[in-house]
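A look at the structure
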Amino acid sequence: MSIKRFSFIDKFHCWTLEEMSFSPLNLLVGKSGVGKTNILKALKSIQQAGISGAARANGCKWMIEIESTDMKFLW
């Protein structure tokens, strides 16, 4: 499975990640403080919401498109 598109809003921390597209290989590169770690934390929040229930991501909204070999999922 791979992530194709992703957006995230964290109302609690007042942080928004506009929709972005991913390719098979992605690198997060930039100066300190530009949001690389926030992107990873947002993906971790979605993972935990999927495992433990969406209530674990209180105050967050997201859109994630995941593609498998023959299927696409939008959550």
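Our subject is the structure listed above.
This structure is a prediction, so every number in the text was calculated from the model and none was measured.

Let us now look at the state of the cysteines. Tallied over the entire structure, the rule returns zero disulfides. Distance from the sulfur of C14, which forms no disulfide, to the nearest cysteine sulfur (C60) is 11 Å. When its relative accessible area of 18% is taken as the criterion, C60 is described as buried.

One ladder, built from eight bridges, connects strand β1 (residues 2-10) with strand β3 (residues 60-67); its direction is antiparallel. If you follow S7 over to β3, its bridge partner there is M63. Bridging between β3 and strand β4 (residues 72-74) involves three bridges; their strand directions are antiparallel. Residue pairing in the sheet places E67 in a bridge with K72 of β4. Linking two consecutive strands that pair antiparallel, namely β3 and β4, is a turn of four residues.

All right, on to helix α1 (residues 36-52) then. Along its 17 residues, α1 runs 25 Å from first to last C-alpha, staying within 8% of the 24 Å computed at 1.5 Å per residue. All of the buried residues in α1 are I39, A42, I46 and A49. What you see down the axis of α1 is that its buried residues fit within an arc of 85°, all on one side. Facing away from the buried surface of α1 by more than 90 degrees, the exposed residues are L40, K41 and I51. For α1, the secondary structure elements touched by its buried residues are β1, β2 (15-21) and β3. One or two steps after α1, the chain reaches G53, where phi turns positive at roughly 105°.

Procedures and definitions
- Residues numbered from 1 in each chain as written.
- Predicted model: local features only at pLDDT ≥ 70, side-chain atom pairs only at ≥ 80, totals over all residues.
- Heavy atoms only, no water.
- Disulfide = S-S within 2.5 Å.
- Buried < 20%, exposed > 50% of the residue type's maximum accessible area, 1.4 Å probe, protein only.
- Pairing = 2+ DSSP bridges.
- Helix = DSSP H or I, 4+ residues; strand = E, 2+ residues; numbered from the N terminus.
- Expected span 1.5 Å × (residues − 1).
- Arc of directions from axis to C-beta.
- Contact = heavy atoms within 4.5 Å.

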